[in-house]
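Secondary and tertiary structure notes
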Amino acid sequence: MSEPIRVAVTGAAGQIAYSLLYSIARGEVFGPTQPVVMTLLDIAPMMGVLNGVVMELMDCALPLLSNVIPTDDPEVAFANVDAAILVGAMPRREGMERKDLLKANVKIFMVQGKALDKVAKKNVKVLVVGNPANTNALITKKFAPSIPKENFTAMTRLDQNRAQAQIAARCAVPCNSVRNVIIWGNHSSTQFPDVRHAVVSKDGKDLPVYDAVKDDAWLKGDFITTVQKRGAAVIAARKLSSAMSAAKGIVDHMKDWWAGTKEGEYVSMGVISDGNTYGVGKDLIFSFPCKVAADHSYQVVGGLDIDTFSREKLDITAKELTEERDDAYAFLEVDSNL
Ligand SMILES: NC(=O)c1ccc[n+]([C@@H]2O[C@H](COP(=O)([O-])OP(=O)(O)OC[C@H]3O[C@@H](n4cnc5c(N)ncnc54)[C@H](O)[C@@H]3O)[C@@H](O)[C@H]2O)c1
Ligand SMILES: O=C(O)C[C@H](O)C(=O)O
C-alpha cells in the first residue's frame, strides 16, 4: 500500500460534505488503493456536529481511511495537504444570485488562501466549491502567491453533469453516452452550456448533439436556461441548495484532475485565464474545456470554433466575472496589479 495522501475538506459539518466525505474515504476520488488522511475544517460552533461526522466516518470501517482530523484552525487543516476541497461558505437562499454571497464569503477565501500559502504542499490541488465559486477561487489564488496559479480551480462540473443529463434524457441514452459538453465562464446564471462540439453515442454511432437531438430551438433556448437556472430550481424545490449532486460534481472534478481525463474527452473546470484563450481577458477563473494528463497537469483545449452565438454568450459571462473580480478586489482592498 502506498503512503497516505492528505486531503482537506472545508465546511465539513455542512450538507455537501455529508454526501462527499464517504466517497473520498472509500477511494472513489484518489483511487481504490490510495490511503488518505482527511483533515476536516469547520467553524468553532460546528465542532460538536463535526465530531459526529468523524464518529460516522470511523464507523464506516473503511480500510483506506488512515486518519481523520477535525479542526477549526485552517493552518491545522491545510498542513502539508496534497489536495484541498473548499466547500465551507454560506449557501444562497431563494431569490438570491450566487454573486449576492460575495461579501459574506470572500473573506473566508482570503484567510484560507493565506493559510494554504503558509502550510500546504506547494503542489497542492485546490478545488473551490463555495459560492461564488469562480471569484472565491481567484481570491484564494491571490492570497497564496507561492503556489502555482494553475493549482486553483473552481467547480463547474455540476453544471457539466446537468447539461449532459439533459441531453441524455432527450436522446434516451445513458449519461455516459454524451461526451464533450462544455460549460464556459462563470458558475452562475450567465454560464454558457455549449453542445456544438459534443457528441452522443447511439446505436453504435457517434453523432453530433445537434444531429441527435434535432431541435435547434430547444438547444439554443430552454436547454441553456434550464442548466443556467438549475441551482435555483433545486433551491426552490428543496429549500436548500443542491448537495448530493454537488458532491458528485466534486468527486468527478477531483478524480479527473488526479487520474487524468479519458482519451478523446474533455471536462469543464474553472481555471485561470491567461488573456490569450478564446478572447477571454486575463486574471479570471473562467470555465474552459480541459484535458488532464496522468501527471495531474491540464491544458485548455484549443482551436474550437466559436460562432457568433457562442461569442456573445462567452462575452456576457466574462463581463460578469470581471465585475465580480473588481468588486471582490475593491472589498478586500487587493492591488489588482500584484
Ligand atoms: N460550485 C458549485 O457547483 C456548488 C454547488 C452547490 C453548492 N455550492 C456552494 O457550496 C457552499 C456550501 O454549501 P452547503 O450546502 O454545504 O452549505 P451548508 O450551510 O450546509 O454548509 C456549509 C458549512 O460551511 C461551514 N463554514 C462556514 N464558514 C466557514 C469557514 N470560514 N471555514 C470552514 N467552514 C465554514 C459552515 O459552518 C457549514 O458547516 C455554498 O456556498 C453553496 O452555495 C456550490
Ligand atoms: O445554486 C446554488 O446556489 C447552489 C449551487 O451553486 C448549485 O448550482 O446548485
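Parameters at a glance
- Residues numbered from 1 in each chain as written.
- Chains lettered and ligands numbered in written order.
- Predicted model: local features only at pLDDT ≥ 70, side-chain atom pairs only at ≥ 80, totals over all residues.
- Heavy atoms only, no water.
- UniProt positions renumbered as here; feature names shortened; annotations may be inferred.
- Axes fitted to C-alpha atoms, helices over the stretch in contact; angles between N-to-C directions.
- Helix = DSSP H or I, 4+ residues; strand = E, 2+ residues; numbered from the N terminus.
- Parallel < 35°, antiparallel > 145°, perpendicular 65-115°, else oblique.
- Left-handed = near helix turned anticlockwise from the far one by under 90°.
- Contact = heavy atoms within 4.5 Å.
- Nonpolar A, V, L, I, M, F, W, Y, C, P; charged D, E, K, R; others polar.
- Pairing = 2+ DSSP bridges.
- Near = heavy atom within 4 Å.
- Polar contact = N/O pair within 3.5 Å; in protein donor to acceptor, adjacent residues only side chain to side chain.
- Areas by Shrake-Rupley, 256 points an atom, 1.4 Å probe, with all protein chains shown as cover.
- Domains from an automatic or database assignment.
- Core = buried A, V, L, I, M, F, W, Y, C linked by side-chain atoms within 4.5 Å.
- Buried < 20%, exposed > 50% of the residue type's maximum accessible area, 1.4 Å probe, protein only.
- Phe/Tyr/Trp six-rings, centres within 6.5 Å; stacked < 30°, edge-to-face > 60°.
- Lys NZ or Arg CZ within 6 Å of the ring centre and 35° of its normal.

Naming follows an unreviewed UniProt entry, where the chain appears as Malate dehydrogenase of Saccoglossus kowalevskii. Its UniProt record gives the chain a comment under Sequence similarities (unreviewed entry), which states: "Belongs to the LDH/MDH superfamily. MDH type 2 family." Taken from UniProt, the Catalytic activity (unreviewed entry) comment for the chain reads in full: "(S)-malate + NAD(+) = oxaloacetate + NADH + H(+)".

1. Considering the packing of helix H1 (residues 15-25) against helix H11 (residues 244-259)
Helix packing for two helices is described by the angle between their axes and how far apart those axes are. At a closest axis distance of 8 Å, the pairing of H1 and H11 adopts a crossing angle of 40 degrees. Taken as axis vectors, H1 and H11 run oblique relative to one another. Handedness of the H1/H11 crossing: right-handed. Contacts between H1 and H11 involve Ile16, Ser19, Leu20 and Ser23 on the former and, on the latter, Met244, Ala246, Ala247, Ile250 and Val251. For the contact of H1 with H11, a count of residues per class yields 7 nonpolar, 2 polar and no charged.

2. As for the sheet that holds strand E10 (residues 199-202)
Strand order in the open sheet formed by 3 strands is E7-E10-E11, and the pairing between neighbours is antiparallel. The open sheet terminates on both sides in strands that have one partner only, identified here as strand E7 (178-179) and strand E11 (205-208). Pairing analysis gives 2 bridges linking E7 to E10, with the strands arranged antiparallel. Bridge pairing in E10 places Arg179 opposite Val199.

3. Description of the UniProt feature "domain: Lactate/malate dehydrogenase N-terminal" (unreviewed entry) in the chain
The positions UniProt marks with the feature "domain: Lactate/malate dehydrogenase N-terminal" (unreviewed entry) are residues 6-152. Helix makes up 38% of residues 6-152 and strand makes up 18%, while its end C-alpha atoms are separated by 17 Å.

4. Points about the site of ligand 1
Taken together, 26 residues are adjacent to ligand 1, and Gln15, Asp42, Met90, Val129 and Asn131 come closest. Backbone polar atom of Gly11 to a nitrogen atom of ligand 1: 3.5 Å apart, as the coordinates give it. Calculation on ligand 1 without its partners gives an accessible area of 860 Å², and the protein chains cover 87% of this total. Of all elements in the fold, only H1 and helix H4 (102-119) reach the threshold of two or more residues within the shell around ligand 1. Here the residues of the shell around ligand 1 sort into 15 nonpolar, 10 polar and 1 charged. Two domains each donate at least three residues to the shell around ligand 1, and these are domain 1 (5-154) and domain 2 (157-327).

5. Some points on the environment of Glu75
Take Glu75: it is sitting in helix H3 (residues 74-77). Between the C-alpha atoms of Glu75 and Lys114, which are 39 residues apart in sequence, the distance is 9.1 Å. Excluding anything up to four places from it in sequence, Glu75 contacts Ala115, Lys118 and Val119.

6. Structural notes on the nonpolar core
Counting residues in hydrophobic clusters, the biggest one holds 80 residues, and the most contacted among them are Phe30, Leu40, Ile85 and Ile167. The leading source of residues in this core is H11, at 7 residues. Core analysis: the next-biggest nonpolar cluster, separate from the first, contains 32 residues, Leu102, Ala137, Ala144 and Ile272 among them.

7. Concerning the site of ligand 2
Neighbouring ligand 2 are the residues Arg92, Arg98, Asn131, Leu158, Arg162, His187, Gly231, Ile235, Ser241 and Ser242. Arg98 is positioned with one of its side-chain polar atoms (N or O) 2.8 Å from an oxygen atom of ligand 2. Within the complex, 94% of the 260 Å² of free accessible area of ligand 2 lies under protein. Of all the secondary structure elements, the ones that give two or more residues to the shell around ligand 2 are helix H6 (157-171) and helix H10 (230-238). Broken down by class, the residue content of the shell around ligand 2 amounts to 2 nonpolar, 5 polar and 3 charged. Mapped onto the domain boundaries, the shell around ligand 2 takes at least three residues apiece from domain 1 (5-154) and domain 2 (157-327).

8. Describing the packing of aromatic side chains
As enumerated under the stated definition, the model contains 8 aromatic pairs in all. Centroid distance Trp184 to Phe288: 6.3 Å. Interplanar angle 85 degrees. Geometry classified as edge-to-face. One end of the pair, Trp184, is in strand E8 (residues 182-184); the other, Phe288, is in strand E13 (residues 285-292), and 104 residues separate them in sequence. The residues Trp184 and Phe288 share a single accessibility class, namely buried. Taken together, a centroid distance of 4.9 Å and an interplanar angle of 40 degrees make the contact between Phe286 and Phe288 tilted. Of the two residues examined, Phe286 and Phe288, each falls in the buried class. The ring centre of Trp218 lies 4.1 Å from the NZ or CZ of Arg170, which sits over that ring. Sitting over the ring of Phe309, Lys220 keeps its end group 4.8 Å from the ring centre.

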